[in-house]
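# Structural characterization, general
Each chain, written out:
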Amino acid sequence: MKKLIALLIILLSGIPDTIAGDWQKTFVKDEFGVPDRSKPIYIVILESPENYRGLVSVAFANGTFILQFVDEDKKLYNVHSMKVKTTRGNVSEIKFHEAEKGILTIDSDYEPMFVDLLDNGNFYVSIKNRDTHTGKLTNHSFHIRRQTTGIRDILEADGWYYPAMHSDF
């Protein structure tokens, strides 16, 4: 829970130095306002290249990938499913938990595949969420370009190792 609160604080505060691709590195601050250098957080905020207001935030904190999606200026919550499609046409489902309203965490079994996707870049994400009033599922799509590349090297330099998948990603 503290990781998610820290992510929200980071999203609302200034963004630190760029370290690779569009990835930023920051630190959670302790109760005295001093950055805790033992707990880095890596974050990338991606604006949709299409002509509508869309935003994807991806963060890695303490071994967990955290995502937030915004479409047409609305934070997406009640997320039912997440699928990804590579430029080769391969489609896979990514399992996750909605830890808080609109804050998704990638299931650990899917993290190696997610790291591959991010490190290679140029993939599509489809999110389906359930409308609270009508109960209908609505699809939202996002194109992630090359802004996420370099994450594997960043994580390995910090002691996190995700073996490369042997797939068509």
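What counts and how
Along each chain, numbering runs from 1 in the same order as the chain's sequence is written. Note on the predicted model: pLDDT of at least 70 is required for a residue's local features to be given, and 80 or more for side-chain atom pairs to be given and counted; whole-chain, interface and lining totals, by contrast, use all residues. Hydrogens and waters are ignored; side-chain quantities use all the structure's heavy atoms. The salt bridge criterion pairs a side-chain nitrogen of Lys or Arg with a carboxyl oxygen of Asp or Glu, the two atoms within 4 Å. We count a stretch as a helix when DSSP gives it H or I for four or more residues in a row; a strand needs E for two or more, and each element gets its number in order from the N terminus. Think of it in three bands: residues with accessible area under 20% of the maximum for their type are buried, residues over 50% are exposed, and the middle band is partly exposed, with areas taken using a 1.4 Å probe on protein chains only. By this definition, two strands are paired if DSSP reports at least two bridges between them. Each cavity reported here is a set of points on a 1 Å grid over the protein atoms alone in which a 1.4 Å probe fits but cannot get out, each pocket an open set with protein on both sides within 12 Å along at least five of seven lines, and each lining residue one with an atom within 4 Å of a point. Grid points are joined across faces, edges and corners, and a volume is the space filled by probe spheres set on the points. Any residue that is not Ala, Val, Leu, Ile, Met, Phe, Trp, Tyr, Cys, Pro, Asp, Glu, Lys or Arg is counted as polar, Gly included; the first ten are nonpolar and the last four charged.

## What to know about the pattern of salt bridges
According to the stated counting rule, one finds three salt bridges in the structure shown. Here Arg152 and Asp116 are joined by a salt bridge, their closest N and O atoms 2.1 Å apart. In this pair, Arg152 is assigned in helix H3 (residues 151-157) and Asp116 in helix H2 (residues 111-120), connecting sequence segments 36 residues apart. Asp116 matches Arg152 in its accessibility class, with the two residues each being buried. Its salt-bridge partner being Arg152, residue Asp119 comes within 3.8 Å of it at the nearest N-O pair. Of the two residues, Asp119 is situated in helix H2 and Arg152 in helix H3; the sequence distance between them amounts to 33 residues. Relative accessible area serves as the criterion here: at 23%, Asp119 is assigned to the partly exposed category. Its relative accessible area of 12% is what places Arg152 among the buried residues. Each member of the salt-bridge network shares a partner with another, and the members are Asp116, Asp119 and Arg152.

## Let's talk about the pairing of strand S9 (residues 96-100)
In this sheet, strand S10 (residues 103-106) lies alongside S9 in antiparallel orientation, the contact comprising four bridges. For Phe96, the partnering residue across the bridge sits in S10 and is Ile106. The loop that links S9 with its antiparallel partner S10 comprises two residues; one of these, Gly102, has a positive phi angle of about 85°.

## Structural notes on empty space enclosed by the protein
Applying the stated criterion across every chain yields a total of two cavities of 30 Å³ or more. Here the second largest cavity is characterised by a volume of approximately 40 Å³. What lines the second largest cavity is simply Leu46, Val56, Val58, Leu67, Phe69, Phe114, Leu118, Phe123, Val125 and Ile144. Breaking the lining of the second largest cavity down by element, the ones donating at least two residues are strand S4 (54-61), strand S5 (64-71), H2 and strand S11 (123-130). Among the residues forming the lining of the second largest cavity, the class breakdown is 10 nonpolar, no polar and no charged.

## A few points about H2
Among the 10 residues in H2, eight count as buried, and that is most of the element. Listing the buried residues of H2 in full gives Glu111, Pro112, Met113, Phe114, Val115, Asp116, Leu117 and Leu118. Once H2 finishes, Gly121 follows within two positions and takes phi at roughly 70°, a positive value.

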